[in-house]
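Single-letter residue listing:
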Amino acid sequence: MSGAPIFGLTGAALVGLGLFGLLVQAAVLRKILAFNLLGAGVFLLFGVVAQRGGTAGGGADAVPQAMVITGLVVAFAATALAVVVALRMHQITGAATISESDGAEPGGSDAA
Amino acid sequence: MSAVLAFLGLLAVAAGAGFFVAGTAGVIRFPDTPSRLHALTKADNLGLGLVVLGLLPFVPGWFFALKLLLVWALVLLSGATAAQLIAERVRGPEPPA
Amino acid sequence: MTLDGVLAGVLDGLLAALVLAAAGWTLAAPAAFPATIGFVGFGLLLTLAWVRLGAPDVALTEAAIGTGATGVILLLAVVRLRGGEEEVSAATPGRALVLAAGLLAGAVGLALALAVLALPDPAPGLAAEAAARTAPLGLGNPVAAVLMVFRGLDTLLESVVLVFTVLAVWSMAPDRHWGGRPGPEFPRQDDGPLALLARLLPPVGLVIGIYIAWVGTDAPGGKFQGGTILAAMWVVAWAAGLVQAPSVADRRVRLMLVAGPLVFVLVGLAGFGIADGFLAYPPALAKPLILVIEAAMTLSVAAALALLIAGPPEHPPERVT
């Protein structure tokens with residue numbers, strides 16, 4: 001019961017940290033890591049809502065928890081795809097960043 | 001469950017936690033990779049073993065106990081493999097006998 | 001506050017501090033490799049936070065997929081993306097931009113923190129409604145009941161997302177490699193620690209993976225967690241060179257990949273005839289039907305995860321097989 005505000009604040013801080021990393025990190029792989037931190041923060045907020053929404057008899061609210069499980073699998077798929085795009089871009093252009101000086105458009109998805 | 005068993009269990013868990021603290025200190029403080037591996041595997045093998053042993057008096061049935069022991073066995077196997085692989089990487093493969 | 005409450009608060013506070021410290025290290029680490037190790041540590045600490053939040057199903061998923069499978073993919077990429085430090089430091093934004101990003105991220109984090117503190121009391125939730133809808137079907141694990149019944153469409157779409165992701169990853173391969181085996185090829189280990197692990201672990205791991213998928217309807221576990229363990233067993237044998245990845249043209253692989261979503265859609269469509277509509281189950285048949293879907297999905301999740309870890313084909317197809 002006491003855990004909810006602490007982990008809620010942790011989730012908020014993780015979203016902030018991940019967003020900051022996503023913006024300032026130059027290397028694509030580090031951006032992917034930061035993006036995963038951001039996602040983890042969002043999931044943690046869901047977890048707090050799930051714990052608070054629990055019924056008196058049963059445990060936590062299963063609906064947000066199930067959504068987090070779905071989200072984790074989709075986040076993994078997105079990470080796997082992002083990593084492959086980054087590797088392919090590195091293979092073709094030799095670049096490890098998506099700065100505009102490489103000639104690649106920011107966003108990375110059209111680089112491959 | 002008798003109070004004596006519960007007390008012994010808690011004692012084992014505490015001892016296991018002690019191994020983890022010592023192992024972590026070793027990983028941070030030891031100067032080279034082999035000694036750090038030594039510290040790490042001690043924490044994993046003995047520390048986790050003691051924690052599992054200490055939890056056994058509290059399990060609700062034999063199947064739980066079996067699963068706990070399996071966790072320990074799997075950590076032993078994967079820990080030993082990882083330690084061997086890292087050590088091999090640091091020192092180079094063993095010359096053929 | 002009772003002593004138990006204080007102790008729980010201290011434990012949660014320590015755990016939260018460690019989670020944030022690991023996240024900070026993941027961002028601040030000097031190189032990609034230690035940053036990725038930091039991320040794996042972060043994921044394991046977060047797993048404990050999920051246990052503390054009363055969400056063992058999420059904790060299992062976080063450990064297996066969010067930390068294990070993601071960590072393997074990232075580590076494989078780190079090894080192959082070595083170099084480029086000058087380029088990275090040239091592309092690192094200047095101080096003004098970092099400050100602006102910091103202010104923005106700080107504002108977003110602060111706003112979320114205020115929102116967390118201002119959450120309504122008593123909290124609204126769907127727990128009661130979900131329980132009322134899923135109770136007649138006799139699933140012991142409320143999370144599995146939500147995944148399969150209350151929000152079955154989400155789970156169906158998610159399983160399709162996995163198939164599409166594998167297709168997207170495969171299409172990153174150059175044309176000449178199409179039809180080849182996905183991923184790097186590892187030398188065959190006949191001796192040594194990895195060879196031993198790759199022979200000892202999979203028999204045990206396959207049983208555990210199937211068990212975790214099987215108990216999922218009644219206890220923490222399920223197709224995603226169990227499927228990840230099955231995929232991991234294949235990855236161990238693959239990394240030791242004992243098995244080769246099947247060619248992307250292999251029909252059996254493609255069938256395995258789509259079996260789960262296919263069974264899911266077929267059972268869902270059957271709902272029009274035998275129950276109230278798409279993805280509805282007749283109460284008497286609900287559990288067997290859900291188990292059939294779960295079994296097929298476990299297989300497909302395992303195939304998708306293993307193929308995503310292996311990546312796109314990296315060699316031209318062999319002429320003679």
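This structure is a prediction, so every number in the text was calculated from the model and none was measured. (Residues numbered from 1 in each chain as written. Chains lettered and ligands numbered in written order. Predicted model: local features only at pLDDT ≥ 70, side-chain atom pairs only at ≥ 80, totals over all residues.)

1. What to know about the overall build of chain C
As a reminder of what qualifies: Put simply, DSSP marks the helices as runs of H or I at least four residues long and the strands as runs of E at least two long, and each gets a number from the N terminus on. Neighbour density around each residue's C-beta defines its exposure: 20 or more other C-beta atoms within 10 Å make it buried, 12 or fewer make it exposed, and counts between make it partly exposed, where C-beta atoms are placed from the backbone. We call two residues in contact if the C-beta atoms placed from their backbones are at most 7 Å apart.
From N to C terminus, chain C includes twelve helices and zero strands. Each of the three principal axes of chain C carries a C-alpha extent, and together these read 65 × 60 × 35 Å. The proportion of buried residues among the 321 residues of chain C is 41%. Within chain C, contacts between residues separated by at least 24 positions form 73% of all contacts whose residues are at least 6 apart in sequence.

2. Here we look at the interface of chain C and chain A
Rules: Each residue gets one label: Ala, Val, Leu, Ile, Met, Phe, Trp, Tyr, Cys and Pro are nonpolar, Asp, Glu, Lys and Arg are charged, and the others, such as Gly, are polar.
Facing the 82 residues of chain C at the interface are 69 residues of chain A. Elements with a minimum of two residues in the side of chain C that touches chain A: helix 1 (3-28), helix 2 (32-52), helix 3 (56-80), helix 4 (85-91), helix 5 (95-117), helix 6 (127-134), helix 7 (142-150) and helix 8 (152-170) of chain C. Across the side of chain C that touches chain A, the residue classes tally to 54 nonpolar, 19 polar and nine charged.

3. Re the interface of chain B and chain C
With four residues of chain B at the interface, the matching set in chain C holds six residues. Of the residues contributing to the side of chain B that touches chain C, the split by class is two nonpolar, two polar and no charged.

4. Details of the packing of helix 3 (residues 62-93) of chain A against helix 3 of chain C
Here is the rule we go by: For helices, the fitted axis covers only the stretch in contact; all axes are lines through C-alpha atoms, and the angles between them, taken along N-to-C directions, range from 0 to 180 degrees. Should an angle lie under 35 degrees it is considered roughly parallel, over 145 roughly antiparallel, and from 65 to 115 roughly perpendicular; all remaining angles are considered oblique.
Between helix 3 of chain A and helix 3 of chain C, the least distance of the axes is 10 Å, while the angle of their chain directions is 5 degrees. The angle between helix 3 of chain A and helix 3 of chain C places the two elements in the roughly parallel class. Residues Gln 65, Val 68, Ile 69, Leu 72, Val 73, Phe 76, Thr 79, Ala 80, Val 83, Ala 86 and Leu 87 of chain A of helix 3 of chain A lie in contact with helix 3 of chain C, whose contacting residues are Asp 57, Val 58, Thr 61, Glu 62, Ile 65, Gly 66, Ala 69, Thr 70, Ile 73, Leu 74, Ala 77 and Arg 80 of chain C. Counted by class, the contact of helix 3 of chain A with helix 3 of chain C contains 15 nonpolar, five polar and three charged residues.

5. Section: the confidence of the model for chain A
Residues and elements named next belong to chain A. Selection rule: As a per-residue measure, pLDDT tells how confident the predictor is, with possible values from 0 to 100.
For chain A, the average pLDDT comes to 82, and 80% of its residues sit at 70 or higher. The least confident element of chain A, judged by mean pLDDT, is helix 1 (residues 3-24) at 90; the most confident is helix 2 (residues 28-52) at 93. Predicted confidence is poor over residues 102-112, with pLDDT under 50, and the contacts of this stretch with residues over four places away or in other chains come to 24 contacts.

6. Description of the UniProt feature "domain: Na+/H+ antiporter MnhB subunit-related protein" (unreviewed entry) in chain C
Which entries qualify depends on this criterion: UniProt positions are given in the numbering used here, feature names are shortened, and annotations may be inferred rather than shown by experiment.
Within this structure's numbering, the places UniProt gives as "domain: Na+/H+ antiporter MnhB subunit-related protein" (unreviewed entry) are residues 194-300 of chain C. Each end of residues 194-300 of chain C is marked by a C-alpha atom, and these two atoms are 27 Å apart; helix forms 73% of the span and strand 0%.

7. Description of the domain arrangement of chain C
Residues and elements named next belong to chain C. Here is the rule: Segment limits for the domains were obtained from an automatic or database-derived domain assignment.
As far as domains go, chain C holds domain 1 (1-92) and domain 2 (126-321). One C-alpha centre belongs to domain 1, the other to domain 2; they are set 25 Å apart. The interface of domain 1 with domain 2 comprises ten residues on the first partner and twelve residues on the second.

8. Thoughts on the UniProt feature "domain: MrpA C-terminal/MbhD" (unreviewed entry) in chain C
UniProt's feature table lists "domain: MrpA C-terminal/MbhD" (unreviewed entry) at residues 17-82 of chain C, given in the numbering used throughout. Helix makes up 88% of residues 17-82 of chain C and strand 0%, with an end-to-end C-alpha separation of 31 Å.

9. Overview of the environment of Leu 279 of chain C
Residue and element names in this part refer to chain C. For Leu 279, the location among the structural elements is in the loop between helix 11 (251-274) and helix 12 (286-310). Given 22 C-beta atoms within a 10 Å radius, Leu 279 is considered buried. Separated by 245 residues in the primary sequence, Leu 279 and Pro 34 place their C-alpha atoms 45 Å from one another. When sequence neighbours within four positions are dropped, the list of residues in contact with Leu 279 reads Gly 152, Leu 153, Leu 156, Gly 268 and Gly 271.

10. Some points on the UniProt feature "transmembrane region" (unreviewed entry) in chain A
All names here are of chain A. The sites that UniProt annotates as "transmembrane region" (unreviewed entry) are residues 6-25, 32-50 and 62-87. As a span, residues 6-25 carries 95% helix and 0% strand, and end to end its C-alpha atoms are 28 Å apart. Spanning residues 32-50, this segment combines 100% helix with 0% strand, and its end C-alpha atoms are found 27 Å apart.

11. Here we look at the arrangement of the chains
Taking contact number as the criterion, the leading pair out of two pairs of chains in contact is chains A and C. There is no contact between chain A and chain B; across them, the least C-alpha separation is 20 Å.

12. Here we look at helix 9 (residues 193-215) of chain C
Rules: Here the expected span of a helix is defined as 1.5 Å times the quantity of residues minus one.
The end-to-end C-alpha distance of helix 9 of chain C is 32 Å, a good match for the 33 Å that 23 residues give at a rise of 1.5 Å each. Contacts made by the buried residues of helix 9 of chain C are with helix 3 (62-91) of chain B together with helix 10 (223-239) and helix 12 of chain C.

13. Quick look at the confidence of the model for chain C
For chain C, mean pLDDT is 88; residues scoring 70 or higher make up 98% of the total. As a predicted assembly, this complex carries a pTM of 0.89 together with an ipTM value of 0.91.

14. Focus: the nonpolar core
The nonpolar side chains of a soluble globular protein tend to be buried with one another. For clarity, the cut-off: Residues enter a nonpolar core if they are buried, belong to Ala, Val, Leu, Ile, Met, Phe, Trp, Tyr or Cys, and are joined to the set through C-beta atoms within 7 Å.
Ranked by internal contacts, the top residues of the largest apolar core, which has 134 residues, are Val 83 of chain A together with Ala 304 and Ala 306 of chain C. Taken domain by domain, this core gets at least three of its residues from each of domain 1 (1-92) and domain 2 (126-321) of chain C. If we skip the residues at most four places from it in the chain, Val 83 of chain A touches Ile 32 of chain A together with Ile 73, Leu 74 and Ala 77 of chain C. If you look at the next biggest cluster of nonpolar residues, it comprises five residues, including Phe 19, Ala 43, Val 51 and Val 52 of chain B.

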